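# A structural walkthrough
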Amino acid sequence: MSIRMYDIIKKKRDGKELTREEIDFFVQGYTNNRIPDYQAASLLMAIYFNKMNKRETLDLTKAMINSGETVDLSQINGIKVDKHSTGGVGDKTTIALGPMVAACGVPFVKMSGRGLGHTGGTLDKLESIKDFKVELSKEDFFNISNEINIALCSQTANITPADKKLYSLRDVTATVENISLIASSIMSKKLAIGSDAIILDVKVGSGAFMKDLDSAILLAEEMVEIGIGFGRETIALITNMDEPLGYAIGNGLEIKEAVETLKGKGPKDFYELCLSLGSKLLVLAKKSSNEKEAREMLIEVVETGSAYEKLLELVEYQHGDIRYIENTELLPKAEYILEVKSDDEGYIKSMNAEEIGKCALILGAGRETKESEIDLSAGIVLNKKVDEKVSNGDVLAYIHGNDKEKVEEVKEMLRDIIKIGKKNEMSKKLIYGEVTNKKTKLY
């Protein structure tokens, strides 16, 4: 009996389980323009309300992977590792973590998409470095990875085309917030590229996609299960995004902070996250038998300067100007740098990361649409973080921008966003827990 889209929609509308064949029919048909938007939107809404079970979610992920080309990394020597973050504010982790892991002798190979949102993605940040080339042929990608154990480049256009089409439709039909749809979207892009082990940084809090811990745990569990079901070593860490990560928000500013971190002078929270993610990657890559030893290896490559040297190698191999790393003052600079001063005293009570991200977007650090032009010099550098003491007149943040009106607008916004009051009773956590194929452990 032939499969009809009408029957698939009706079946999921009635809360029934879809077969692998039905899911394949839908994904292939929609990708190849045989199924119209209105029918695809109807099915997405039925999935949104009636959900998918774990088998359906894995089949959906596989169908999306099979909608385009996959990248076989077997030509790269060693156990290849990759990392994915669900996105946050000030999240420049790949730029410091990658060189740290690579300096320990583990291939860190990553294909990324462009960032949509508060600030650019990893590729946009790297393009703050003059002449850095993010478009690489597969041959160059493999060769660079084998030469220096790290390569960071843009995805080929035909990776998971089904996801691109479905995500655009979900975005305009209010069907984004469904665990199965989110997990299959993220994991299809990761699994289409043949890394051996993946660590997922699942953010939770005001600046994250998942605002509460329960939702973040569900998403982490779903993604780990998909990765394991696909035969890949997969672990997730659930990390705090109630305030920005580190101090810098904005492309060139974040590159500068990543460089400082590799020189051993970065923000504590950012460095700690790199060590936590990196130690798990080294264990997954069988470079170390335990996380304590792996952590010591990562600290050593920072302290000896070999992680910083690895970043220089990456920039040089990808045709970038290494002077921009050796002297970060050469990175794009904004015309206006404005101080935001406190008119109160006490402790930083909270700083809503999402609202700070929106401020960076207003300054031009991110893109609202795929066509938006990014200002690589724009952004915000915080001078205080949650729980830190503040006196009247202290600088809370520096605003970097090229439009004076927008800089002034953001100054007023930040005064409202950064809340000052009594010291918090509970200490803030950077990492809430981890998810493996065996269990979910909260710290």
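Residues numbered from 1 in each chain as written. Predicted model: local features only at pLDDT ≥ 70, side-chain atom pairs only at ≥ 80, totals over all residues. Heavy atoms only, no water.

## Digging into the sheet that holds strand E10 (residues 389-390)
Which entries qualify depends on this criterion: Only when DSSP finds a minimum of two bridges between them are two strands counted as paired. Helix numbers and strand numbers start at the N terminus; a helix is a DSSP run of H or I with at least 4 residues, a strand a run of E with at least 2.
Pairing in this open sheet of three strands is antiparallel, and the strands run E10-E8-E12 from one edge to the other. Here the strands that pair on one side only, and so sit at the sheet edges, are E10 and strand E12 (418-421). Strand direction decides the pairing type here: strand E8 (residues 346-351) and E10, joined by two bridges, are antiparallel. In the strand pairing of E10, Gly346 is matched with Val390.

## Points about the sheet that holds strand E9 (residues 379-382)
Two orientations exist for strands paired in a sheet by backbone hydrogen bonds: parallel and antiparallel. Applicable threshold: Note on definitions: a residue-residue contact is assigned when non-hydrogen atoms from the two residues lie within 4.5 Å. Only C-alpha atoms enter the line fits that serve as axes; for helices the fit covers just the stretch in contact. Angles between N-to-C directions range over 0 to 180 degrees.
Strand order in this open sheet of four strands is E6-E9-E11-E7, and the pairing throughout is antiparallel. If you trace the sheet from one side to the other, it starts and ends with strand E6 (248-249) and strand E7 (336-341), each paired once. The pairing of E7 with strand E11 (residues 395-401) spans six bridges and is antiparallel. Counted as the bridge partner of Glu339 is Tyr398 from E11. Lying over the sheet, helix H16 (residues 353-363) contacts E6, E9 and E11, oriented at roughly 140° with respect to E9. Where helix H17 (residues 404-417) meets the sheet, its contacts fall on E7, E9 and E11, and the angle it forms with E7 comes to roughly 20°.

## Remarks on unusual backbone geometry
Basically, it comes down to this: Relative accessibility thresholds used throughout: buried, under 20% of the residue-type maximum; exposed, over 50%; partly exposed, between the two (1.4 Å probe, protein chains only).
Positive phi, normally seen in glycine, also occurs at Asn149, with a value near 70°. Along the polypeptide, Asn149 turns up in the loop between helix H7 (138-148) and strand E3 (150-154). Here the phi dihedral of Asp387 falls at roughly 85°; this positive angle occurs in a residue that is not glycine. Overall, the relative accessible area of 17% leaves Asp387 in the buried class.

## What about the packing of helix H1 (residues 5-13) against helix H3 (residues 37-50)?
The cut-off we apply is this: Angle categories: roughly parallel below 35 degrees, roughly antiparallel above 145, roughly perpendicular from 65 to 115, and oblique for all the rest. For any pair of crossing helices, the crossing counts as left-handed if the nearer helix is rotated counterclockwise from the farther one by less than a right angle, and right-handed if it is rotated clockwise.
Following both chains from N to C, one finds H1 and H3 inclined at 20°, their axes separated by 8 Å at the closest point. In terms of orientation, H1 lies roughly parallel with respect to H3. Remark: the crossing between H1 and H3 carries left-handed chirality. Mapping the contact onto sequence places Met5, Tyr6, Ile8, Ile9, Lys12 and Arg13 in H1 and Gln39, Ala40, Ser42, Leu43, Ala46, Ile47 and Asn50 in H3.

## Brief notes about the nonpolar core
To keep things clear, this is the line we draw: Definition used in this section: a nonpolar core is a set of buried Ala, Val, Leu, Ile, Met, Phe, Trp, Tyr and Cys residues joined via side-chain atoms within 4.5 Å.
In terms of nonpolar packing, the biggest core is built from 113 residues, with Val101, Ile129, Phe141, Ile325, Ile380 and Leu414 touching the most fellow members. Examining the composition of this core, we find that eight residues originate from one element, helix H12 (residues 268-284), more than from any other. Ignoring anything within four residues of it in the chain, the contact list for Ile325 reads Ile129, Ile255, Val259, Tyr308, Leu311, Leu312 and Val315. If you look at the next biggest cluster of nonpolar residues, it comprises 22 residues, including Ile9, Tyr30, Ala41 and Leu166.

## A short note on helix H14 (residues 306-317)
Our working rule: Expected helix span is taken as 1.5 Å per residue step, with the number of steps being one fewer than the number of residues.
Its twelve residues place the ends of H14 16 Å apart at the C-alpha level, agreeing with the 16 Å of an ideal helix rising 1.5 Å per residue. Within the sequence span of H14, burial applies to Ala307, Tyr308, Lys310, Leu311, Leu312, Leu314 and Val315. Where H14 is buried, its residues contact helix H5 (93-103), H7, E3, helix H11 (251-262), helix H13 (291-303) and helix H15 (323-326). A positive phi of about 70° marks His319, the residue just after H14.

## Some details on the pattern of salt bridges
If the charged atoms of two oppositely charged side chains come close together, the side chains can form a pair. As a reminder of what qualifies: Whenever a carboxyl oxygen of Asp or Glu lies within 4 Å of a side-chain nitrogen of Lys or Arg, that contact is scored as a salt bridge.
Under the criterion given, the structure shown has 36 salt bridges. Residue Glu434 is joined to Lys280 by a salt bridge in which the shortest nitrogen-to-oxygen separation is 3.1 Å. Here Glu434 is found in strand E13 (residues 431-435), whereas its partner Lys280 is found in helix H12, with 154 residues between them in sequence. For the pair Glu434 and Lys280, a shared accessibility class is recorded, and that class is buried. Measuring nitrogen to oxygen at the nearest pair gives 3.8 Å for the salt bridge that ties Asp394 to Lys384. A residue pair is termed long-range when its members are at least 10 positions apart, and Asp394 in the loop between E10 and E11 and Lys384 in the loop between E9 and E10 qualify at ten residues. In this structure, a network of salt bridges that share partners links the residues Lys280, Glu291, Glu434 and Lys441.

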